[in-house]
Amino acid sequence: MDKTFSQEDLNAVIRQHSEWLAAQLHSQRASLFPPNATKNMRKFTSGEAASLLGVNDSYLRKLHLDGKGPSPETTPGNRRLYSTEDIQALRVLLEKTARKVGDYLPGRRDGDHMQIIGVMNFKGGSGKTTTSAHLAQRLALRGYRVLAIDLDPQASLTALHGVQPEFDLVDGGTLYDAIRYDNPVPIRDVIRETYIPNLDLIPGNLELMEFEHDTPRALSQGNAGLFFFRVKEALAQIDDSYDVVVIDCPPQLGFLTMSALSAATGVLVTIHPEMLDVMSMSQFLRMTADLMDVIAESGADMSHDWMRYLLTRYEPSDAPQNRIVAFLRTMYGDKVLNAQMLKSTAISDAGLTKQTLYEVERSAFTRSTYDRAIESMNAVNDEIAQLIQQTWGRK
Ligand SMILES: Nc1ncnc2c1ncn2[C@@H]1O[C@H](COP(=O)(O)OP(=O)(O)OP(=O)(O)O)[C@@H](O)[C@H]1O
Ligand SMILES: [Mg+2]
């Protein structure tokens, strides 16, 4: 008789496969990311820099000719290229002589509370990570102090920012360290700077799963406290340091997502407008509402400043998608952001090289492709920035 496939065999196979894969990834990483390689942000044309600063290109040129502010790099063709550091220095300079406080530095002022934006949907691939990464980067480029948190054990947001979840975090360093029930560390210990000024990151990796396992245990032992406030309480330690926190949630409604939901002041639900996605969303919304009821029953305040749906990977030429978009807009009205994230090869190709649209060079794409994608992405992010500004009581 044939030997049956025993548990042990399966273990051995899985272990072997894991080792092979790790070795392959190691050597890939060695060639793609030499040991000390770090990611860099590209430089921006004078037009892009002016737009990020909210001034005219000619005004930026005048500042340059007058020798005010940082000296941008000039190309042989005499074009000016600004680094993100240059842009930030210019912003600070412009703010000093601004007519109104905050004309150039859009972040919090006295009395404004930190915005914590949870990007969620339990549907995998609905665009949560793409949205989180572009939102966090765009806000940082516009002068907000931003903290991006990867709450997904799959750690795509982390990898996108040049941190290798399986190699760089072997000794911990994810949010789990700061929200665990036994000996949590101060949240500052897990924050790292990125290659983008104004943007810090708390990376994630599989260790975050521990929170899903620990919580039921802590609950049964009666020492979980208000477990859904673990993230909120950790963030309270750094309330003075950021204007906006962007949390990329995992594709499930577990304890991590619940904690993000409890911490959030704004909730962004990403929807890819296809029938299967929309059907599962109905379930997601009902389960979320049930969970929020449970949390509210324990006396927690579950009010949020805002909640919006964002249409992602949208193809305007696709008739069935259009029907779904029309139907969602009719049903949910202004809860659906006007701007929508178009599907674009510029976005998916950038993702393949672990970059966002803000990091890739425009010259790497057909101009119209790149321009269409970035216009849609900026429109989405700027609409969210407006919500943030409104929450702070500004126009
Ligand atoms: N606007 C877009 N145009 C083209 N491709 C996109 C777009 N948005 C996302 N993608 C691609 O779709 C895939 C899924 O996107 P993403 O990782 O952002 O989804 P997610 O909701 O975070 O997924 P998960 O649930 O697994 O975390 C990625 O390969 C990404 O590059
Ligand atoms: Mg993701």
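All of these numbers come straight from a predicted model, not from anything done at the bench.

1. A word on empty space enclosed by the protein
Stage number 1. This model, assessed by the stated rule, comprises one cavity of 30 Å³ or more.
Stage number 2. In this model, the largest cavity occupies a volume close to 60 Å³.
Stage number 3. Forming the boundary of the largest cavity are Thr84, Ile87, Gln88, Arg91, Ala140, Leu141, Ile196, Pro197 and Asn198.
Stage number 4. Sorting the residues of the lining of the largest cavity by element identifies α4 (84-96) and α5 (128-141) as the ones contributing at least two each.
Stage number 5. With four residues, α4 is the single largest residue contributor to the lining of the largest cavity.
Stage number 6. Class assignment of the residues belonging to the lining of the largest cavity gives a composition of five nonpolar, three polar and one charged.
Stage number 7. Looking at the lining of the largest cavity, you find at least three residues from each of domain 1 (44-96) and domain 2 (115-391).

2. So, the nonpolar core
Stage number 1. By size, the foremost hydrophobic cluster in this structure holds 59 residues, and its most contacted members are Ile117, Leu357 and Ile384.
Stage number 2. Built from parts of two domains, this core gets at least three residues from each of domain 1 (44-96) and domain 2 (115-391).
Stage number 3. For Ile117, the contacting residues outside a window of four places in its chain are Leu135, Val244, Val245, Val246, Ile247, Gly266, Leu268, Trp306, Ile384 and Ile388.
Stage number 4. By size, the runner-up hydrophobic cluster in this structure holds 56 residues, among which are Tyr176, Ile179, Val231 and Val278.

3. Considering the domain arrangement of the protein
Stage number 1. When the domains of the protein are assigned, the result is domain 1 (44-96) and domain 2 (115-391).
Stage number 2. A straight line from the C-alpha centre of domain 1 to that of domain 2 covers 31 Å.
Stage number 3. Counting residues at the interface gives eight residues for domain 1 and nine residues for domain 2.
Stage number 4. Carbon and sulfur atoms supply 53% of the area buried between domain 1 and domain 2, which totals about 710 Å² over both sides.
Stage number 5. Sorting the residues of domain 1 by area buried against domain 2 places Leu52, Thr84 and Arg91 first, and these three jointly supply 53% of that buried surface.
Stage number 6. Our count for the domain 1 to domain 2 interface comes out at zero salt bridges.

4. Digging into the UniProt feature "domain: HTH merR-type" (unreviewed entry) in the protein
Stage number 1. Under the local residue numbering, the UniProt record ascribes the feature "domain: HTH merR-type" (unreviewed entry) to residues 45-82.
Stage number 2. In residues 45-82, the share of helix is 45% and the share of strand is 16%. The end C-alpha atoms are 6 Å apart.

5. A short note on the layout of surface pockets
In this approach the atoms are scanned with a rolling probe the size of a water molecule, which exposes any empty space left behind.
Stage number 1. Counted as a void, the largest pocket has a volume near 890 Å³.
Stage number 2. Every residue lining the largest pocket is counted, 39 residues in all, and those nearest its centre are Ser156, Leu160, Gly351, Leu352 and Lys354.
Stage number 3. Of all the secondary-structure elements, those providing two or more residues to the lining of the largest pocket are α1 (7-32), α5, α6 (156-160) and α13 (345-352).
Stage number 4. For the lining of the largest pocket, the leading source of residues is α13, giving five residues.
Stage number 5. Taken together, the residues of the lining of the largest pocket break down into 13 nonpolar, 18 polar and eight charged.
Stage number 6. Within this model, the second largest pocket holds a volume of roughly 480 Å³.
Stage number 7. With five residues, the single largest contributor to the lining of the second largest pocket is helix α14 (residues 367-391).

Parameters and conventions
Residues numbered from 1 in each chain as written. Chains lettered and ligands numbered in written order. Predicted model: local features only at pLDDT ≥ 70, side-chain atom pairs only at ≥ 80, totals over all residues. Heavy atoms only, no water. 1 Å grid on protein atoms, 1.4 Å probe; cavity = no way out; pocket = protein on both sides within 12 Å on 5 of 7 lines; lining within 4 Å. Points joined across faces, edges and corners; volume = space filled by probe spheres on them. Helix = DSSP H or I, 4+ residues; strand = E, 2+ residues; numbered from the N terminus. Nonpolar A, V, L, I, M, F, W, Y, C, P; charged D, E, K, R; others polar. Domains from an automatic or database assignment. Core = buried A, V, L, I, M, F, W, Y, C linked by side-chain atoms within 4.5 Å. Buried < 20%, exposed > 50% of the residue type's maximum accessible area, 1.4 Å probe, protein only. Contact = heavy atoms within 4.5 Å. Buried area = accessible area lost by both parts, 1.4 Å probe. Salt bridge = Lys/Arg side-chain N within 4 Å of Asp/Glu carboxyl O. UniProt positions renumbered as here; feature names shortened; annotations may be inferred.

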